[in-house]
Amino acid sequence: MLPLMAVACCALLAFAARPHCAEAAKARHFKWEISNIFWSPDCEEKVVIGINGQFPGPTIRARAGDTIHVELKNALHTEGVVIHWHGIRQIGTPWADGTAAISQCAINPEETFTYRFVVDKPGTYFYHGHYGMQRAAGLYGSLIVDVAEGEEEPFKYDGELNLLLSDWYHESIHTQMVMLSSKPFRWIGEPQSLLINGRGQFNCSLSAAHTPGATQCPAAAVNRQCAPVVLPVQPNKTYRLRLASTTSLASLNLAIGNHKLTVVEADGNYVDPFAVDDIDLYSGDSYSVLLTTDQDPSSNYWVTVGVRGRLPKTPPALAVLNYRPNAASKLPSLAPPVTPAWDDYAHSKAFTYRIRARAGTPPPPATADRRIELLNTQNKMDGGIKWSINNASMVLPATPYLGSLKLGLNKSGLAAPAPAPDTFSHGYDLRSPPANPNTTAGPNVYALAHGATVDVVLQNANALAANVSEVHPWHLHGHDFWVLGYGEGGYRGDAADEARLNLRDPPLRNTVVIFPYGWTKIRFVADNPGVWAFHCHIEPHLHMGMGVVFAEAVDRVGEVPKEGMMCGATASALINGGHL
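In this numbering scheme, every chain counts its residues from 1 along its sequence in written order. Local features in this predicted model are restricted to residues whose pLDDT is 70 or higher, and side-chain atom pairs enter the listing and the counts only when it is 80 or higher, whereas totals over whole chains, interfaces and linings include all residues. Each side-chain value is worked out from all heavy atoms of the structure, with water and hydrogens disregarded.

> I keep staring at the overall build of the chain and nothing clicks. Help me out?
When helices and strands are counted, the chain shows six helices and 33 strands. Using C-alpha atoms as the atom set, the radius of gyration is obtained and then compared with a globule rule of 2.2 Å times the number of residues to the power 0.38. Relative to the compact-globule value of 25 Å for 580 residues, the chain shows a C-alpha radius of gyration of 23 Å, a close match. Projecting the C-alpha coordinates of the chain onto the three principal axes gives extents of approximately 70 × 60 × 50 Å. Burial classification: accessible surface area is computed with a 1.4 Å probe over protein chains only, and a residue below 20% of its type maximum counts as buried, one above 50% as exposed, and the rest as partly exposed. The burial tally for the chain puts 61% of its 580 residues in the buried class. By the convention used here, residues are in contact when the closest approach between their heavy atoms is within 4.5 Å. Taking the contacts inside the chain whose residues are at least 6 apart along the sequence as the reference set, 78% of them involve residues at least 24 apart. Note on areas: these come from Shrake-Rupley sampling with a 1.4 Å probe, and a residue is covered only by the protein chains present in the view. Carbon together with sulfur atoms contributes 53% to the accessible area of the chain, which is approximately 21,900 Å² in total. Residues scored as charged are limited to Lys and Arg (positive) and Asp and Glu (negative), so that His and the chain ends carry no count. Charge positions come from single atoms, namely NZ of Lys, CZ of Arg, CG of Asp or CD of Glu. Distance from the positive charge centre (45 side chains) to the negative charge centre (52 side chains) of the chain: 0 Å. Helix and strand assignments come from DSSP, with helices taken as H or I runs of at least 4 residues and strands as E runs of at least 2, each series counted from the N terminus.

> Quick question: what am I supposed to make of the sheet that holds strand β6 (residues 83-86) here?
Hydrogen bonding along the main chain pairs the strands of a sheet, whether they run parallel or antiparallel. In short, DSSP must find at least two bridges between two strands for them to pair. Spatially, the four strands line up as an open sheet ordered β4-β9-β8-β6, and their pairing is mixed. The outermost strands of the open sheet, each flanked by one partner alone, are β4 (60-63) and β6. If you compare each strand with its neighbour and ignore which way they point, the axes differ by 20° on average. Axis definition: a line fitted to C-alpha atoms, over the contacting stretch in the case of helices. Angles run 0 to 180 degrees between N-to-C directions.

> What exactly am I supposed to notice about the state of the cysteines here?
Throughout this description, disulfide means a covalent bond between two cysteine sulfur atoms. Here, a disulfide means two cysteine sulfur atoms that sit within 2.5 Å of each other. Using the criterion set out here, one finds three disulfides in the structure. With a sulfur-sulfur separation of 2.0 Å, Cys 43 is cross-linked through a disulfide to Cys 226. Because the torsion about its S-S bond is 100°, the bridge between Cys 43 and Cys 226 counts as right-handed. Of the two residues, Cys 43 is situated in the loop between β2 (26-39) and β3 (46-51) and Cys 226 in the loop between β11 (193-196) and β12 (230-233); the sequence distance between them amounts to 183 residues. Judged by relative accessible area, which is 41%, Cys 43 ranks as partly exposed. With its sulfur 2.0 Å from that of its partner, Cys 105 forms a disulfide with Cys 567. In this structure the cystine formed by Cys 105 and Cys 567 twists about its S-S bond by roughly -90°; its chirality is therefore left-handed. Here Cys 105, found in the loop between β6 and β7 (112-118), pairs with Cys 567, found in the loop between β33 (547-552) and α6 (568-575); they are 462 residues apart in sequence, far enough to count as distant. Judged by relative accessible area, which is 7%, Cys 105 ranks as buried. Take the cysteines of the chain that form disulfides and number them in order along the sequence; they join up as 1-5, 2-6, 3-4.

> Explain α6 to me, please; I cannot follow it from the model alone.
Within an α-helix, residues lying three or four positions from one another point in the same direction, as the helix has 3.6 residues per turn. Taken as a whole, α6 has its buried residues at Thr 570, Ala 571, Ala 573 and Leu 574. Mapping the buried residues of α6 onto a view down its axis gives an arc of 165°, with all of them on the same face. Taken together, the buried residues of α6 touch α3 (401-407). The directions considered for the arc run from the helix axis to the C-beta atoms.

Below, the structure is given as structure tokens:
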């Protein structure tokens, strides 16, 4: 990692949503090498993808308005790589979004690519690989954006703690991808462990005294790579806990023994504060919560992270909230808090529905110019199993959409894929396995008019197995959106459904959940020219086709760096004199 290099001029901020003065904005330079390394995330040594020889990757910390420069070298031997900066809107820099086949070519082995972008608003973010299933191999880290110099957060706290949550498989991602694409289909199963800041324990428990039949983990961990996470705090203080989930599969719930949590931020946007006993985190979510250390100072307390939304076969992860001056090795005397039952969706909905925008958050436009309804289904294709949207399973091209659309290529339909359908048959039986389970492959590209207000309805349904409908967290690149509302069963768009919507103080998010057999409606303004992924953030579901692409006013995109487009048809066009 290189030190702070220079002060950026106001011109660098011309495309930021909230520009700040030149004296405050800085350019922050980082030099990364991505490679395979041996690591023991849960005390079982495996190969992970690390950055500069470490896992998780380095934390990036900046202030709102700063420009980030990451010079990234791919030292993987046999595969490409890209990095997605999750939650950063990339206003004016769509080529830096880090989505292979959408915003750029994968960076080949021994090649270097430099990401440059402005972090335009404060919040809790993270970054991760977005090529194949590299996020599940450990390619991720935290990205924290503080308020600009001279500005203040709308809440007070005495200290800060950062928790990056993930799950971990002992099987390699290459084996997982073969399983997911095999015919007949082979499911990858549940992860072996849950990780807190890249650390967990497999086949033992830190709280064996409270877990019948469990083996006690060694009091002094021999391997620092999987040592228990200890969160040091002082009594009678308020701490900001930054929480983010980069899980491959698991939905999570976090609770801290005897302590309330006050939610104040979601996905880089302030929310109306509210207190809870525990908090759900779906893959792609990030939050800030305030924790007041007002309990018995002679004790330490457990932090529990458990599985939600799926029948748990993965033990909870545990960390220790260490009230100083107690020893960090002093295990809490009370049993760890028990997270809610995996299928207690009423509990999940009660939490989710309480998230409202903080006063001062821009309201959504009163009406939309376009409504896109996306039916999520599980289907069969050529002897395998896929996830589909409006009966098309997303397949990405060899040529990145940003380059092909910018260059106006027409080979193989690159520039103008067949229009994806805006809706589906409302006679579809959401409560039963599909009557016709077969699906087809498709580009799933939606062209959006510049400046249009777009509503998207995400509709959940039954999977291939009877009485199964899964949780799906959907993440939108390039935008925040307003979460207008949720409903049970099928969305009809009638007066009853409209009455469920919140146009007064809906939260701004970049990731949103669809509950089993339900629908979720969001609204955003297509004001960021580029080509943006919108997809389920569960890694195997995306790999199996659960996603779409929004192409917005690509003709308005500025000059695209050629080094990000030297693959597929764009490489040939550029070599022959084409201009991005």
